[in-house]
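# Structural features, examined
Here's the letter readout for the chains.
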Amino acid sequence: MTHSVAVFGAAGYTGALSARLLHRHPSFSLTSVTARSDVGRRLDDLYPHHRVPLELEELDLDRQAGVEAAVVAYPHGASAELVAALRQRDVRVVDLSADFRLRDAAVYEEWYRAHPEPELLEQAVYGLPERYRDQIRDADLVANPGCYPTAALLALAPLARAGLIDDLVIDAKSGVSGAGRAATDKTHFVTVDENLSPYGVPRHRHTPEIEQELAALGAPLRITFTPHLVPLDQGELVSCYVTGGVRTGDIELLYREMYDSEPFVELTATPPGVRDVRETNICRISVHRDERTGRVIVFSVIDNLWKGAASQAVQNLNLMFGLPEGEGIS
């Protein structure tokens, strides 16, 4: 049995990759892909390497919403109204934007704008399977986490749950695809090549998402979070500097207890690099204690387009439809 699925916003990087994964998925049938630009082009013309032989269509829910599931890959602020329309038609949705990640409409308004569909916030489940697997299985609306929060929260969850974070600085670096297809100014080759630059200083929009989920783990605190753009097409490294009270012997145990049974989290003694996880759904984590300063340093790498977006969306769809969690992404 296959489940029908559509990808809305398939002309962007994460939407196109979601379409690729679902087109090849043994238990989903990709029926349509839409775009707000490039309408009429085939997706395998726009992205030949994804090999998805479907034409990008203009949004028309009367034709496209007769599906069981949808991935919505619209920008922040533009997604909520489409998600609401799909839910009115009983389509189960994984949303790749930030529109349903924050549980408090007032916090969303502070960092984005007034929320257009606040009544849906309480229905949304935060789509980090390693934290909310059981809730995702029963969900009709899943808010796919941001790429930085995915890497940071997986890196920090064992310490946060144990109450061992007193202060936190997160230094993050991502390839240019993390800025999205439309962000041409700051991701232009001439700007990015042979360069390294911070952005979103001092208020990057992923900050409240990370703080919300750390608080849910038992670590309510204000964090310092600074992302950087690096001259890579994809890949992400998050370096977390934690002040807290963990003895060396305790750290490894905390991480093993949380992640030994997780299929997409790998623990390594050696600080990881982004090539270690390229084009996979894996988060690779390495934790170290600096005996001189007393700080704990945690490194976490993901592919920002995969585990940071599209493959995690498929992981969530698998859970929502009772399928093997790694089907189509392992």
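The structure we're discussing is the one just above.
Residues numbered from 1 in each chain as written. Predicted model: local features only at pLDDT ≥ 70, side-chain atom pairs only at ≥ 80, totals over all residues. Heavy atoms only, no water.

What the protein contains, in helices and strands, is 12 helices and 14 strands. A globule of 330 residues ought to have a C-alpha radius of gyration of about 20 Å, and the protein, at 19 Å, matches this closely. If one aligns the C-alpha atoms of the protein with their principal axes, the spans along those axes are about 60 × 45 × 40 Å. Of all 330 residues assigned to the protein, the portion counted as buried reaches 57%. For the protein, long-range pairs separated by at least 24 residues make up 69% of all intrachain contacts whose partners lie at least 6 apart in sequence. (Helix = DSSP H or I, 4+ residues; strand = E, 2+ residues; numbered from the N terminus. Rg over C-alpha atoms; globule rule 2.2 N^0.38 Å. Buried < 20%, exposed > 50% of the residue type's maximum accessible area, 1.4 Å probe, protein only. Contact = heavy atoms within 4.5 Å.)

If you trace the seven strands from one edge of the open sheet to the other, you get β9-β10-β8-β11-β14-β13-β12, paired in mixed fashion. Strands with a single pairing partner mark the edges of an open sheet, and in this sheet they are β9 (197–198) and β12 (265–267). Two elements, strand β13 (residues 283–289) and strand β14 (residues 295–302), share six bridges in a ladder whose sense is antiparallel. Bridge assignment links Arg289 to a residue of β14, and that residue is Val296. Contacts between helix α7 (residues 147–161) and the sheet are confined to β8 (167–174), β10 (224–229), β11 (236–243), β12, β13 and β14, with β11 contributing the most and set at about 35° to the helix. (Pairing = 2+ DSSP bridges. Axes fitted to C-alpha atoms, helices over the stretch in contact; angles between N-to-C directions.)

Under the counting rule described, the total for this entry stands at six aromatic pairs. The interplanar angle of 70° and the centroid separation of 6.5 Å between the aromatic rings of Tyr13 and Tyr47 together place this pair among those described as edge-to-face. Linking Tyr13 in helix α1 (residues 13–23) with Tyr47 in the loop between α2 (43–46) and β3 (56–57), this pair joins segments that are 34 residues apart in sequence. Consider the rings of Phe28 and Phe321, whose centres lie 5.6 Å apart with planes at 85°: the pair is edge-to-face. Within this pair, whereas Phe28 is found in strand β2 (residues 28–34), its partner Phe321 is found in the segment after α12 (306–320), the two being separated by 293 residues in sequence. Using a relative accessible area of 4% as the deciding quantity, one classes Phe28 as buried. Overall, the relative accessible area of 14% leaves Phe321 in the buried class. Cation over ring: Arg92 sits above Phe321, and NZ or CZ is 4.9 Å from the ring centre. Above the face of the Tyr132 ring, Arg131 is positioned so that its terminal group lies 4.8 Å from the ring centre. (Phe/Tyr/Trp six-rings, centres within 6.5 Å; stacked < 30°, edge-to-face > 60°. Lys NZ or Arg CZ within 6 Å of the ring centre and 35° of its normal.)

Let us look at the pattern of salt bridges. Going through the model one piece at a time under the given rule, you end up with 21 salt bridges. Between Lys307 and Glu130 there is a salt bridge, and its shortest N-O distance comes to 3.0 Å. Separated by 177 residues along the polypeptide, Lys307 in helix α12 and Glu130 in helix α6 (residues 129–137) bring together distant segments of the chain. The burial state of Lys307 is the same as that of Glu130; both residues are buried. In this structure, the salt-bridge partner of Asp171 is Lys173, at a minimum N-O distance of 2.3 Å. Residue classification places Lys173 among the partly exposed positions, given a relative accessible area of 24%. Each of Asp38, Arg41 and Asp45 takes part in salt bridges that share partners, so that together they form one network. (Salt bridge = Lys/Arg side-chain N within 4 Å of Asp/Glu carboxyl O.)

So, on to the nonpolar core. Among the nonpolar cores identified, the biggest contains 82 residues, and Leu156, Leu168, Ile170, Leu214 and Leu317 are the most heavily contacted of them. The residues contacting Ile170, other than those within four sequence positions of it, are Ala152, Leu156, Ile210, Ile223, Thr224, Phe225, Thr226, Val238, Ser239 and Cys240. Ala65, Ala70, Leu120 and Ala143 belong to the second largest nonpolar core, which has 22 residues in total. (Core = buried A, V, L, I, M, F, W, Y, C linked by side-chain atoms within 4.5 Å.)

Before going further, it helps to spend a moment on the environment of Asp166. Note that Asp166 resides in the loop between α7 and β8. The spacing of Asp166 and Thr31 is 135 residues in sequence and 49 Å in space, taken between C-alpha atoms. Apart from the residues lying within four places of it in its own chain, the contact partners of Asp166 are Leu221, Thr243 and Gly244.

Pairing of β12 with β13 involves three bridges; the strand directions are parallel. Paired with Leu267 across the bridge in β13 is Ile285. Count of turn residues in the β13/β14 antiparallel hairpin: five residues, of which Gly294 carries a positive phi of about 80°.

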